[in-house]
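Read off the chains here:
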Amino acid sequence: MSAQTGDLPPVGLNLRRIRQGADLSLSQAAEQTGVSKAMLGQIERGESSPTLATLWKLANGFNIPLTSLITQPTDKRALFDPQFQKHEHIDEAIRFQTVFSYDPEVGSETFLHDIQPGQTHLSQPHLKGVIEDVFVIFGEIEILHDGSWHSVNAGSALRFAADQPHGYRNVTDTPARFHNVMHYTAIS
């Protein structure tokens, strides 16, 4: 069964637009991103929903911010309204929503994350020079950076280089929520 272009989720449409804009075949895009040709085709056709790890491989491979893949290209809302939020994603260990899509004028994008007790999300390095700011709203999380875990409580924040392996975990018995701002310094 083949989905019509208008029925595809934003990720499939955006991936196809970005790949074609770069004048790359599926094989060339697979080589550039490290995501298989078959998986790329499935995502573009709306037959597969990529994990957060796969989304980051695509973003890094195309040298683009994550929200370029997951939000509508014309989505320029300057106000986050959780009742209207359409860009929620649930991955193996973490749920996230787009608060602000990538804005080239400020070089950043913002997400809202929820992580349940006992859950861990590990992330591969992002693009060179990417910095993350994490602000814990409620609960407590631990953040892996520079090879060790650092505890961050509600009302506290941490800034770290995200162009290296890093991660988030909740070792408590209560859910945690945090904002994450991605600062891109090397996107051209």
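None of the values given here were measured: they were computed from a predicted structure.

Cut-offs used in this document
Residues numbered from 1 in each chain as written. Predicted model: local features only at pLDDT ≥ 70, side-chain atom pairs only at ≥ 80, totals over all residues. Heavy atoms only, no water. Helix = DSSP H or I, 4+ residues; strand = E, 2+ residues; numbered from the N terminus. Contact = heavy atoms within 4.5 Å. Buried < 20%, exposed > 50% of the residue type's maximum accessible area, 1.4 Å probe, protein only. Pairing = 2+ DSSP bridges. Axes fitted to C-alpha atoms, helices over the stretch in contact; angles between N-to-C directions. Phe/Tyr/Trp six-rings, centres within 6.5 Å; stacked < 30°, edge-to-face > 60°. Polar contact = N/O pair within 3.5 Å; in protein donor to acceptor, adjacent residues only side chain to side chain. Core = buried A, V, L, I, M, F, W, Y, C linked by side-chain atoms within 4.5 Å.

**A closer look at the overall build of the protein**
Within the protein, the secondary structure is distributed over five helices and ten strands. Pairs at least 24 apart in sequence give 64% of the contacts found in the protein among residues at least 6 apart.

**Digging into the environment of Ile-115**
Note on placement: Ile-115 falls in strand S3 (residues 108-115). Owing to a relative accessible area of 0%, Ile-115 belongs among the buried residues under this scheme. Distance from Ile-115 to Pro-175, taken between C-alpha atoms, is 6.0 Å for residues 60 residues apart in sequence. Those residues in contact with Ile-115 that lie beyond four places of it in its chain are Ala-93, Ile-94, Thr-120, His-121, Ile-141, Tyr-168, Arg-169, Asn-170, Pro-175, Ala-176 and Phe-178.

**Overview of the sheet that holds strand S7 (residues 148-153)**
Across a sheet, paired strands are connected by hydrogen bonds in the backbone, their directions being either parallel or antiparallel. The four strands lie next to each other as S4-S9-S6-S7, forming an open sheet whose pairing is antiparallel. Of all strands in the sheet, those bounded by a partner on one side alone are strand S4 (120-123) and S7. Across the sheet, the axes of successive neighbouring strands diverge by a mean angle of 20°, strand direction being ignored. As defined by bridge partners, S4 adjoins strand S9 (residues 166-169) across four bridges and the pair is classed as antiparallel. In the sheet register, His-121 faces S9, and the bridge partner there is Tyr-168.

**Things to note about the packing of aromatic side chains**
Each aromatic ring pair is specified by the distance between its two centres and by the angle formed by the two planes. The final tally for this structure, using the stated rule, is three aromatic pairs. Seen from their ring centres, Phe-96 and Phe-111 are 5.8 Å apart, and the 80° between their planes marks the pair as edge-to-face. Pair noted here: Phe-96 is in strand S2 (residues 95-103) and Phe-111 is in strand S3, with a separation of 15 residues, a long-range link. What makes Phe-96 buried here is its relative accessible area of 2%. Between Tyr-102 and Tyr-184, the ring centres sit 5.6 Å apart and the planes meet at 85°, which makes this aromatic pair edge-to-face. Of the two residues, Tyr-102 is situated in strand S2 and Tyr-184 in the segment after strand S10 (176-183); the sequence distance between them amounts to 82 residues. The exposure classification of Tyr-102 matches that of Tyr-184, with both residues buried.

**What about the pairing of strand S6 (residues 140-145)?**
Of all six residues that make up S6, five are buried, and the element is covered over most of its length. Judged from the six bridges that link them, S6 and S7 form a sheet pairing that is antiparallel. Paired with Ile-141 across the bridge in S7 is Val-152. Turn length for the S6-S7 hairpin, with the two strands adjacent in sequence and antiparallel, is two residues, and the turn residue Asp-146 shows positive phi of about 55°. The pairing of S6 with S9 spans three bridges and is classified as antiparallel. Within S9, the residue paired with Ile-143 across the bridge is Tyr-168.

**As for the side chain of Thr-71**
The topology assignment puts Thr-71 in the loop between helix H5 (67-70) and strand S1 (88-90). A relative accessible area of 4% means that Thr-71 is categorised as buried. A distance of 2.7 Å separates the side chain of Thr-71 from the backbone oxygen of Thr-67, its partner in a polar contact. A polar contact is formed between the side chain of Thr-71 and the side chain of Ser-101, at a distance of 3.3 Å.

**Quick notes on the nonpolar core**
Generally speaking, nonpolar side chains in soluble globular proteins are found buried as a group. Of all hydrophobic cores here, the largest spans 39 residues; its most connected members are Leu-66, Leu-69 and Ile-141. Here the element with the most residues in this core is helix H4 (residues 52-62); it accounts for six residues. Not counting residues within four places of it along the chain, the set of residues in contact with Leu-69 comprises Pro-10, Val-11, Asn-14, Leu-15, Ile-18, Leu-55, Leu-58, Ala-59 and Ile-64.

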